[in-house]
Amino acid sequence: PFLLALLTNETFISGNCWTTFIDDTPSLFQMVSSQNRATKLLNYLGDVAVNGSSIKGQVGLPKLTTDASIPTLHDPITGVPIDLDTPVQPRGWRQVLLEVGPEQFAKKVREFNGTLITDTTWRDAHQSLLATRLRTVDLLNIAPTTSHALNGAFSLECWGGATFDVSMRFLHEDPWARLRKLRELVPNIPFQMLLRGANGVAYSSLPDNAIDQFVLQAKENGVDIFRVFDALNDLDQLRVGVEAVKKAGGVVEATVCYSGDMLKPGKKYNLEYYLDVVDKIVDMGTHFLGIKDMAGTMKPRAASLLVGSIRAKYPNLPIHVHTHDSAGTGVASMDAAAKAGADVVDAASNAMSGMTSQPSISALIASFEGDVNHGLSESLVRELDGYWAQMRLLYSCFEADLKGPDPEVYQHEIPGGQLTNLIFQAQQLGLGEKWLLTKENYKVANQLLGDLVKVTPTSKVVGDLAQFMVSNNLTEEDVIKLAPELDFPDSVLDFMEGLMGTPYGGFPEPLRTNMLGNKRPKLDKRPGLFLKPIDFATVREELVSRYGSGVTECDIASYIMYPKVYEAYRKTVDKYGDLSVLPTRYFLKALEIGEEMVVDIEQGKTLIIKLLAIGEISKKTGTREVFFELNGEMRSVTVDDKT
Ligand code: 3PY
Ligand code: ZN
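Okay, so let's go over this structure. From a predicted model like this one, the values you see are computed outputs, not experimental measurements.

Focus on the overall build of the protein chain
Move 1: Counting its secondary structure elements, the protein chain contains 27 helices and twelve strands.
Move 2: Whereas a compact globule of 643 residues would reach a radius of gyration of roughly 26 Å, the protein chain reaches 26 Å, a difference of no more than 12%.
Move 3: Summarising its shape, the C-alpha atoms of the protein chain cover approximately 85 × 70 × 50 Å along the three principal directions.
Move 4: Burial analysis of the protein chain (643 residues in total) assigns 57% to the buried set.
Move 5: Considering only intrachain contacts with a sequence separation of at least 6, the fraction spanning at least 24 residues in the protein chain is 72%.
Move 6: Total accessible area computed for the protein chain in this model is approximately 26,200 Å², and 53% of it derives from carbon and sulfur atoms.
Move 7: Between the mean site of the 64 positive side-chain charges and the mean site of the 81 negative ones, the protein chain shows a separation of 3 Å.

Some points on the sheet that holds strand β11 (residues 623-630)
Move 1: Strand order in the open sheet formed by four strands is β9-β10-β11-β12, and the pairing between neighbours is antiparallel. Only two strands of the sheet have a single neighbouring strand rather than two, namely β9 (596-602) and β12 (633-640). Adjacent strand axes in the sheet meet at a mean angle of 35°, parallel and antiparallel pairs treated alike.
Move 2: Pairing of β11 with β12 involves eight bridges; the strand directions are antiparallel. Looking at β12, one finds that Glu625 is bridged to Thr638.

Section: the coordination of the zinc ion (ligand 2)
Move 1: Binding of the zinc ion (ligand 2) to the protein goes through Asp124 (OD), His322 (NE2) and His324 (NE2), at separations of 2.0 to 2.1 Å.
Move 2: Coordination of the zinc ion (ligand 2) draws on donor residues from a single chain, spaced D-x197-H-x1-H in sequence. Taken as a pair, Asp124 in helix α6 (residues 121-129) and His324 in the loop between β7 (319-322) and α14 (330-339) lie far apart in primary sequence, 200 residues in all.
Move 3: For Asp124, a relative accessible area of 3% corresponds to the buried category.
Move 4: Using a relative accessible area of 3% as the deciding quantity, one classes His324 as buried.

Examining the side chain of Asp230
Move 1: Within the secondary structure, Asp230 is located in the loop between β4 (225-228) and α11 (235-248).
Move 2: Buried Asp230, no salt bridge; nearest opposite-charge side chain is Arg526, N-O distance 9.9 Å.
Move 3: Side-chain polar atoms of Asp230 contact the backbone nitrogen of Asp234, separated by 2.9 Å.
Move 4: Those residues in contact with Asp230 that lie beyond four places of it in its chain are Gln237, Leu238, Cys257 and Met500.

Looking at the site of ligand 1
Move 1: Taken together, Arg123, Gln127, Gly161, Ala162, Leu194, Arg196, Phe229, Lys292, Met294, Val455 and Thr456 are the residues near ligand 1.
Move 2: Between ligand 1 and the protein, one listed contact pairs an oxygen atom with a side-chain N or O atom of Gln127 at 2.8 Å.
Move 3: Note that an oxygen atom of ligand 1 is positioned 2.7 Å from one of the side-chain N or O atoms of Lys292.
Move 4: Look at ligand 1: alone it shows 230 Å² of surface, and the protein chains cover 95% of it.

A word on the packing of helix α24 (residues 536-547) against helix α25 (residues 553-561)
Move 1: Packing of α24 against α25 leaves a shortest axis separation of 10 Å and a crossing angle of 100°. As far as their axial angle goes, α25 and α24 are roughly perpendicular. Counted together, Phe536, Val539, Arg540, Glu542, Leu543 and Arg546 of α24 and Glu553, Asp555, Ile556, Tyr559 and Ile560 of α25 form the full contact between these two elements.
Move 2: Tallied by class, residues from the contact of α24 with α25 come to six nonpolar, no polar and five charged.

Definitions and cut-offs
Residues numbered from 1 in each chain as written. Chains lettered and ligands numbered in written order. Predicted model: local features only at pLDDT ≥ 70, side-chain atom pairs only at ≥ 80, totals over all residues. Heavy atoms only, no water. Helix = DSSP H or I, 4+ residues; strand = E, 2+ residues; numbered from the N terminus. Rg over C-alpha atoms; globule rule 2.2 N^0.38 Å. Buried < 20%, exposed > 50% of the residue type's maximum accessible area, 1.4 Å probe, protein only. Contact = heavy atoms within 4.5 Å. Areas by Shrake-Rupley, 256 points an atom, 1.4 Å probe, with all protein chains shown as cover. Lys, Arg positive; Asp, Glu negative; His and termini not counted. Charge placed at Lys NZ, Arg CZ, Asp CG, Glu CD. Pairing = 2+ DSSP bridges. Axes fitted to C-alpha atoms, helices over the stretch in contact; angles between N-to-C directions. Donors = N, O, S within 2.8 Å, 3.2 Å for Na, K, Ca; no water. Salt bridge = Lys/Arg side-chain N within 4 Å of Asp/Glu carboxyl O. Polar contact = N/O pair within 3.5 Å; in protein donor to acceptor, adjacent residues only side chain to side chain. Near = heavy atom within 4 Å. Parallel < 35°, antiparallel > 145°, perpendicular 65-115°, else oblique. Nonpolar A, V, L, I, M, F, W, Y, C, P; charged D, E, K, R; others polar.

Spelled out as structure tokens, the structure:
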């Protein structure tokens, strides 16, 4: 391509060039790079045309077959259409944060007369309903509208949790680029991320300096507020994340995870337990206290009791409550939390709410009406929602197809995102009838492991053990008796070794000893104390030698968090280029013969691509030639036929 660009360059053809010609003509390289990008994209589209989409978890095709329309917002008072190019008035909470810093920001939120709302649509809602598959392009398309419509929101939860892993692993996107691009379009609303304490956004602990470096990059690339939790409420593990956020200058929301139903007599995790954890979190120092009800088992009366008790003890502590609507009581619980003194509660855009996701913003606003100020406009929230209704159709192929609330969550205590995942896996494996058994065994596995606080990664441990029991036909007694011989899933052994911290009340014995045998050691302190600190210079050198000098601190953070996933992601980018620019329906579905699509691969560089024909399979190579028209010119790519 470089030679072609050179040979068609007018200055070069005219002979009017001298030795600095190449240096003086950077457009030559831009042209080559655009051509390379276009060819790579055709490789992807050709592959989908021949083999169909290979995105993991996709069942069927998107139901939305047109571009999603972006709703026009109207001024709630005058009804006049809002011009998105005019700055949002009045200012949002992010300007407050930037002006006064985290401490005063927290104080001002505490002083707000009412309860603010965090919109989780861009993170937890799609993690819990659509297997975390929402792509950057669909967030960017609605970001300017969101910036106006939700100007009064406390925050947009938009990063961290499973989104980091999934965007690289399954969507072939750079999570950091997502964050930066969204940040540019939303300057007024604080961005919030979910950090799994000493596990970062991974599934077990990393060296402390890896967490520090990751959090610093997250802060510098656009995250304002860090909800930091530890899946076992292990304070030593939590502290690693909290200290990293403090050092990076972010807003700390150290969080207590709420598991089960504390109102049930005899529960291990009762009010006294939670209040003790809260005391320790307060001692640690935090700007906000997070309460994370990841399964949606915090009934309204429990929300009142827990939030009310903390409020009474700590009148100045800002409290932020998170829930899931799995049992159908999410709105009632958040309403109760607000009335008991919570400063912020979580909800999601209506079309992305309910069931395993967060409760609906509009329903929450309706239940606040007349009692609780919240700072949002009901009509703007509704207008914005039109977009998300279309997204549910676009991402229909990742739906777990839940039909209604599952009050059984009070028994099995499966977190929202995991519940969707397990149902989906059971359907995929044709194990519909085994789903009931999986739920049963989840309870059994939880008891075997000592009744854990269940959230990533411990919820995965319990889920993996439950599935292991189902697929090997094991009872509780079998697991206990056969523990020394069984080949348990890695996650279970990681947990038993102590790589996720220490559970409240200690590890279950003798099961721990029997499971680990002499295969694994038993850590008696937090894992970070045993892990060798990362030597960043060496990691940088290694990545530069593989990927060139453009390696950034964000690349280093991605690689440390998920080395194999990062390597695979780089390989895909090398083959197909930056796929994040491709409209979702073409990412997931083949073009029809004769169908034309438009894609902006970079600013000012638009490709018009038409699929012309798919050639016969070559018996010798097993490949097909796929013919396109690219900006009016015929192009073809050769694709392996894997069908
Ligand atoms: C995550 O860690 O990804 C969660 O959403 C936990 O609830
Ligand atoms: Zn959640």
